[in-house]
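Single-letter residue listing:
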Amino acid sequence: MKKPSLTLWLLLTNLLIAFLGIGLVIPVMPTLMNELHLSGKVVGYLVAFFAVAQLLASPLSGKWVDSIGRKKMIVIGLLMFSASELLFAVGQTLSVLFASRIVGGVSAAFIMPAVTAFIADITTNETRAKALGYMSAAISTGFILGPGVGGFLATLGTRVPFFFAAGLALFAAIFSLIMLREPERNYEETMSTKKPGFKRIFAPIYFIVFLLIFVLSFGLASFESIFSLFVDHKFGFTPADIAIVITGSGIVGAVAQVVLFDRLAKRMGEKKLIYLCLVLSAILVAMMTAVNSYFAVLAVTIVVFVGFDLIRPAATSYLSKIAGNEQGFVGGMNSMFTSIGNMIGPIVGGMLFDIDLDYPFYFATIVLIGGAILAFVWMRRPDVTKDPIHQPL
């Protein structure tokens, strides 16, 4: 690509828009919960249905990214995402809201692997870590600022945030169709290489990383999906309060990814960085049950998100380095395990929330500690540098 920087920024903008829309639902959940008389369990299911659809679509999308092209999958995904947000905006029944989240989940499954593979195509091993750090910053910024933007727009009307996201995604799809060019790849090599089967998930070089991605996604989804309900019930936070806390966390997390990630990854390596961030996240998620003031909630939440936000690009960067010509497959599996965590986290969190406000954070802490132990064992193993296609299962 003659102008990889321009292409990269366009890809990052698409991710920011998509994940901003995903997070829009969080601050209006207490309002919808009261309007529709929903339990915490049902709210968890509503959030989790997005992840279920993403989970089911991810294996196929990973193959399609390699076969039909990155650009087409991105544009189709953005159009579907726009449709899902519009459906949520006009939906008046719970079944329509569930349908909206399903369409949105499929759109995310299309967008994520395509963007990851696109970035791998236009970067080198030396520049990829920084580019993936930017990518993760865009995801985290969108996912964390989404509730902030949603909370502010919700003051104009409960459904206003979703009309806004639908229009923004439609613009991004049209702009991408015009501006993006399919990255140059060795299509002859791609077509002649045996496509990885489902059993590749369990290849030693991949499986531990996929499990750690699940742990990260579970912890973040459980924390964020229950956070608004937690502070609403325990501290009486308004949607504006929730927006301020999550927006502040998002800004700090994004800055940490852009400024710190590349330096930390080069200094200590992805493995050690993942391990230390999991330990930090486990401690701080547990601390959420002990805080009792607005500023304490703000401080703990900010640092929690920084820990989470450094794990994702580290795992993605490591996978990209060992994936070889399996970039689409690895991107799809990354999306799939993220979806599993995003699906189970809100469901378990919602069920535990109905029992006790603090229980979701206790359980998330246990999961993160398990992930830290797994990362410690993985950290002590030597890196695999050979082409994964030729590695034994």
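Residues numbered from 1 in each chain as written. Predicted model: local features only at pLDDT ≥ 70, side-chain atom pairs only at ≥ 80, totals over all residues. Heavy atoms only, no water.

1. Structural notes on the confidence of the model for the protein
Filter applied, for reference: Values of pLDDT, which run from 0 to 100, indicate the predictor's confidence residue by residue. Whether two residues touch is decided by their heavy atoms; if any such pair falls within 4.5 Å, the residues are in contact.
Of the residues in the protein, 87% reach a pLDDT of 70 or more, and the chain-wide mean stands at 78. Predicted confidence for residues 186-193 stays below pLDDT 50, and this span has 7 contacts to residues more than four positions away or in other chains. Note on residues 385-393: pLDDT is under 50 here. Beyond four places in sequence and across chains, it has 21 contacts.

2. Concerning the environment of phenylalanine 162
How we decide: By definition, any uninterrupted DSSP run of H or I lasting at least four residues is a helix, any uninterrupted run of E lasting at least two residues is a strand, and each is numbered from the N terminus. Residue burial is assigned from relative accessible area. The probe radius is 1.4 Å, only protein chains are included, and a residue is buried under 20% of its type maximum, exposed over 50%, and partly exposed in between.
Of note, phenylalanine 162 is situated in helix α7 (residues 160-179). Given a relative accessible area of 0%, phenylalanine 162 falls into the buried group. Sequence separation between phenylalanine 162 and leucine 24 is 138 residues, and the spatial gap between their C-alpha atoms is 7.3 Å.

3. Some points on the packing of helix α4 (residues 70-90) against helix α5 (residues 94-122)
Going by this rule: Under this scheme, a helix contributes an axis fitted over its contacting stretch, all axes are lines through C-alpha atoms, and angles between N-to-C directions fall in the 0 to 180 degree range. Note on terminology: angles under 35 degrees are roughly parallel, angles over 145 are roughly antiparallel, angles of 65 to 115 are roughly perpendicular, and the others are oblique. Should the near helix be turned anticlockwise from the far one by less than a right angle, the crossing is left-handed, and should it be turned clockwise, the crossing is right-handed. Classification used: nonpolar for Ala, Val, Leu, Ile, Met, Phe, Trp, Tyr, Cys and Pro, charged for Asp, Glu, Lys and Arg, polar for all others including Gly.
Two numbers describe how α4 lies on α5: the axes approach to 8 Å, and their chain directions differ by 155°. By the angle class used here, α4 and α5 are roughly antiparallel. Crossing handedness for the pair α4 and α5: left-handed. Split by residue class, the contact of α4 with α5 holds 19 nonpolar, 5 polar and 5 charged.

4. With respect to helix α9 (residues 204-235)
This is how the line gets drawn: Working rule for helices: expected span equals 1.5 Å times residues minus one. To obtain the bend at a residue, axes are fitted to the seven residues ending there and to the seven starting there, and the angle between these axes is taken.
Between its first and last C-alpha, α9 extends 45 Å over 32 residues, near the 46 Å set by a 1.5 Å rise per residue. Along α9, the sharpest kink reaches roughly 45°, centred on phenylalanine 227. With 24 of 32 residues buried, α9 is to be regarded as a mostly interior element. A positive backbone phi angle near 70° is found at glycine 236, which sits one or two residues after α9.

5. A look at a nonpolar patch on the surface
This is how the line gets drawn: Residues form patches when they are more than 30% accessible in relative terms and have no salt bridge. Like charges link within 9 Å. Nonpolar side chains (Val, Leu, Ile, Met, Phe, Trp, Tyr) link within 5 Å. Accessible areas in this description were obtained via Shrake-Rupley with a 1.4 Å probe; residue shielding takes into account the shown protein chains only. Each salt bridge in this description consists of a side-chain nitrogen of Lys or Arg and a carboxyl oxygen of Asp or Glu lying within 4 Å of one another.
On the surface, a cluster of nonpolar side chains totalling about 880 Å² of accessible area is made up of Leu6, Leu79, Leu170, Phe171, Ile174, Phe175, Leu177, Ile178 and Met179. Top element by residues in the nonpolar patch is α7. It accounts for 7 residues. Examined against the element boundaries, leucine 177 turns out to sit in helix α7.

6. What about the side chain of serine 61?
Rules: Any pair of N or O atoms that falls within 3.5 Å is considered a polar contact. Within protein, one atom must be able to donate a hydrogen and the other to accept it, and sequence-neighbouring residues count only if both atoms are side-chain atoms.
On the secondary structure map, serine 61 appears in helix α3 (residues 40-67). A residue is classified by how much of its surface remains accessible, and serine 61, at 0% relative accessible area, is buried. A polar side-chain atom of serine 61 sits 2.8 Å from the main-chain carbonyl oxygen of alanine 109. Residues in contact with serine 61, not counting those within four places in the same chain, are Met73, Ala109, Phe110 and Pro113.

7. Regarding the environment of leucine 170
Looking at the secondary structure, you find leucine 170 in helix α7. Residues leucine 170 and serine 82 lie 88 residues apart in sequence; the distance between their C-alpha atoms is 5.6 Å. Residues within four places of leucine 170 in sequence aside, it is in contact with Leu79 and Ser82.

8. A look at the pattern of salt bridges
Pairing between side chains becomes possible if they bear opposite charge and their charged atoms approach one another. Under the definition given, this model contains 2 salt bridges. Residue aspartate 121 is joined to arginine 70 by a salt bridge in which the shortest nitrogen-to-oxygen separation is 2.7 Å. In this pair, aspartate 121 is assigned in helix α5 and arginine 70 in helix α4, connecting sequence segments 51 residues apart. The buried category is assigned to arginine 70, whose relative accessible area is 2%.

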